[in-house]
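Reading the structure
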Amino acid sequence: MSKVLYALKDVEHSYAQRTVLRIPALDIYTGEILALVGPSGAGKSTLLRLLALLEAPVRGTLHLHLGERPITKADARIHERRQLGMVFQRPILLSRSVRANVAYGLRLRGQRDANAQVDAMLERIAMRDLADARAQTLSGGELQRVALARALILEPRLLLLDEPTANLDPHNVHLIETLLREQHERYHTTLVLVTHNVFQAKRLATRVALLLDGELVEIAPSAAFFESPRDPRTAAFISGDLIY
Amino acid sequence: MLASAALGIPLGAWLALTPFRGRRILTALIYTGMGLPPVLVGLIVYLFLSRSGPFGSLGWLFSFQAMVVAQTIIATPLILGVTMSSVLAIPHELRLQLQSLGATHWQTTLAVLWEARLGVIVGLVAGFGSIISEVGAVMLVGGNIEGRTRVLTTAIVLETRQGHFDVALALGIILLALSFVSNSALVILQHRTGAPS
């Protein structure tokens, strides 16, 4: 049995007094690829922000187990936060070169000379020839690849991905999925992936969770989730019959 | 100018990035400060530095220091206000994304300020313009003393009053040239930092 990385208990989160997430209990394990699926507004991105320690739940506890003592947003120190990486649905790059964007996190950590590492990473995302291009000139797919590269280069123990392939063409979707698979296989990075694409969840995830209206409907290993869902709403979502 | 930049840029960034009660009122006050009449600033500084004023013991009235104080008060709200608006225009989401890459609060602030550099430089240009063209306040608190507190603008006023229009015009051209050179330097800085110009 893998180690618990996150333990959520009675977690609730709200914006402007509207509850957007209610999770009685959820454990996320080291080394797994957990896909959070569900329609827009289901609370997937909110949950991801809580997991990234960017926000703290208004109720309940979220413990991240990176070392000996479990941490929360309030007591997470910078070296602990730096073990997490996140890729956003709409990445915003700095108005600098692609190279500078990929190297940004390393520079924050005091690593000045990171050219070789950055070159290798640019090679991995097939963007070596765009190293000196300004970030603002990139296409949507290239932008998302750079966003993924700037997170991957930091070798995070945990990578949180918010719809990393939304609105991308099949070529870019394939590239990003390949990178994620490689990252998981080579470095055993734990991945938590938010997607509304059930096919992507099926291709990548080891476990899948369905969120609806801020509630966790079902969580199960990928095969069980897709082949024998317990909840009728899960079955409806998979078959595309769930109207939302 | 240096004092105004040293005060205005960090304060502008801080105000834009730190939500607190009363920020709107403070913002309105800063925007009012951007249009402060220089003569009024000169009068207030004069009253504060005059012998019977609270800072009279400093003996700064009709000195270079008094002129620096007045010009700092005039230029700071301009630099601060423009910096604040430029930082506010940077999407909040960028800060979250930088934090997710492991940036500390300080590193995030620096990066956001860098992204807002076009506006910051515009603020510096505006602040510099207000200082170099200013005449009322420096006349009041500096006294236009030859060799000590006479600057180009006050010299132009004096020469005009004495009917030396050719000298006044020549000084005006020098003032314009200085302004052009300084602003060109700022535009080059803008270009070198990669901000669109």
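One can find the structure itself at the top, above this paragraph.
A brief report on the enclosed structure follows. Here the residue numbers are simple positions, counted from 1 along each chain's written sequence. Throughout, the order in which chains and ligands are written sets their labels, letters from A for the former and numbers from 1 for the latter. For a predicted model such as this one, the threshold for reporting local features is a pLDDT of at least 70, and the threshold for listing and counting side-chain atom pairs is 80 or more; totals across whole chains, interfaces and linings nevertheless cover every residue.

Topic: the overall build of chain B
Here is the rule we go by: Helix and strand definitions here come from DSSP, where helices need a minimum of 4 consecutive H or I residues and strands a minimum of 2 consecutive E residues; each element is numbered from the N-terminal end. We call a residue exposed when 12 or fewer other C-beta atoms sit within 10 Å of its C-beta, buried when the count reaches 20 or more, and partly exposed for counts in between; the C-beta positions come from the backbone.
Along its length, chain B carries ten helices and zero strands. For chain B, the C-alpha atoms occupy an extent of roughly 65 × 40 × 25 Å along the three principal directions. Split into buried and exposed, the 197 residues of chain B put 35% on the buried side.

Brief notes about the overall build of chain A
As a reminder of what qualifies: Put simply, the radius of gyration uses C-alpha atoms, and a globule should come to 2.2 Å times the residue count raised to 0.38.
Secondary structure summary: chain A contains nine helices and nine strands in total. The C-alpha radius of gyration computed for chain A amounts to 18 Å, which stays within 12% of the reference 18 Å derived for 244 residues, consistent with globular compactness. Taken along its principal axes, the extent of the C-alpha atoms in chain A is 50 × 40 × 40 Å. Out of the 244 residues belonging to chain A, those deemed buried represent 41%.

Brief notes about the packing of helix H1 (residues 2-17) of chain B against helix H4 (residues 64-88) of chain B
All names here are of chain B. Rules: Here, axes are lines fitted to C-alpha atoms. For helices the fit covers the stretch in contact, and angles between N-to-C directions go from 0 to 180 degrees. Crossing handedness is read from the near helix: turned anticlockwise from the far helix by less than a right angle, it gives a left-handed crossing, and turned clockwise, a right-handed one. Two residues qualify as being in contact provided that their C-beta atoms, derived from the backbone, are within 7 Å of each other. Residues were grouped as follows: Ala, Val, Leu, Ile, Met, Phe, Trp, Tyr, Cys and Pro as nonpolar; Asp, Glu, Lys and Arg as charged; and all remaining residues, including Gly, as polar.
Where H1 meets H4, the axes come as close as 7 Å, and the angle between the chain directions of the two elements is 35°. Taken as a pair, H1 and H4 cross one another with a handedness that is right-handed. Seen from H1, the contacting residues are Ala3, Ser4, Ala5, Leu7, Gly8, Ile9, Leu11, Gly12, Ala13, Leu15, Ala16 and Leu17; seen from H4, they are Val68, Thr72, Ala75, Thr76, Ile79, Leu80, Thr83, Met84, Val87 and Leu88. When the residues that make up the contact of H1 with H4 are grouped by side-chain class, the tally is 16 nonpolar, six polar and no charged.

A short note on the interface of chain B and chain A
The interface is formed by 15 residues belonging to chain B together with 20 residues belonging to chain A. Looking at the side of chain B that touches chain A, the elements with two or more residues in it are helix H5 (92-100) and helix H6 (105-115) of chain B. At six residues, H5 of chain B tops the list of elements feeding residues into the side of chain B that touches chain A. Split into classes, the residues belonging to the side of chain B that touches chain A amount to six nonpolar, seven polar and two charged.

What to know about the pairing of strand S3 (residues 33-37) of chain A
Residue and element names in this part refer to chain A. To keep things clear, this is the line we draw: Pairing between two strands is assigned when DSSP locates at least 2 bridges connecting them.
The buried fraction of S3 is high, at five of five residues. By the alternation rule, side chains of S3 split into Ile33, Ala35 and Val37 and Leu34 and Leu36, which are all buried. Pairing of S3 with strand S8 (residues 207-212) involves four bridges; the strand directions are parallel. Paired with Val37 across the bridge in S8 is Leu210.

Looking at the environment of Thr72 of chain B
Residues and elements named next belong to chain B. Within the fold, Thr72 resides in helix H4. Using a count of 21 C-beta atoms within 10 Å as the deciding quantity, one classes Thr72 as buried. As for Thr72 and Thr32, which are separated by 40 residues in sequence, their C-alpha atoms are 16 Å apart. Filtering out sequence-adjacent residues up to four positions away, Thr72 remains in contact with Ala3 and Ser4.

Points about the environment of Leu130 of chain A
Residue and element names in this part refer to chain A. Mapped onto the elements, Leu130 comes out in the loop between helix H4 (115-124) and helix H5 (140-152). Leu130 sits in the partly exposed class, given 19 other C-beta atoms within 10 Å. Along the sequence, Leu130 and Pro232 sit 102 residues apart, while their C-alpha atoms lie 48 Å from each other. Each residue touching Leu130, except ones within four places of it in the same chain, is listed here: Val98 and Glu142.

What to know about the nonpolar core
Where we set the bar: Each nonpolar core consists of buried Ala, Val, Leu, Ile, Met, Phe, Trp, Tyr and Cys residues. Their C-beta atoms, within 7 Å, join them into a set.
Within the largest apolar cluster, 112 residues are counted, with the highest numbers of intra-cluster contacts made by Ala35, Leu36, Leu160 and Leu193 of chain A together with Ala70 and Val141 of chain B. Take this core: its biggest share by element is 13 residues, from H4 of chain B. In this view, Leu160 of chain A contacts Leu48, Leu51, Ala52, Leu84, Met86 and Val192 of chain A; residues no more than four positions away in its chain are not counted.

What about the packing of H5 of chain A against helix H6 (residues 170-187) of chain A?
Helix-helix packing: each pair is described by the crossing angle between the helix axes and the interaxial distance. Residue and element names in this part refer to chain A. Cut-off, in case you're wondering: Small angles under 35 degrees read as roughly parallel and large ones over 145 as roughly antiparallel, with 65 to 115 read as roughly perpendicular and the rest as oblique.
Taken N-terminus to C-terminus, the directions of H5 and H6 make an angle of 10°; their axes are 10 Å apart at the nearest point. Here H6 runs roughly parallel to H5, going by the angle between their axes. Residues Gly141, Gln144, Arg145, Leu148 and Leu152 of H5 form the contact with H6, whose participating residues are Asn172, Leu175, Ile176, Leu179 and Gln183. The residue makeup of the contact of H5 with H6, split by class, is five nonpolar, four polar and one charged.

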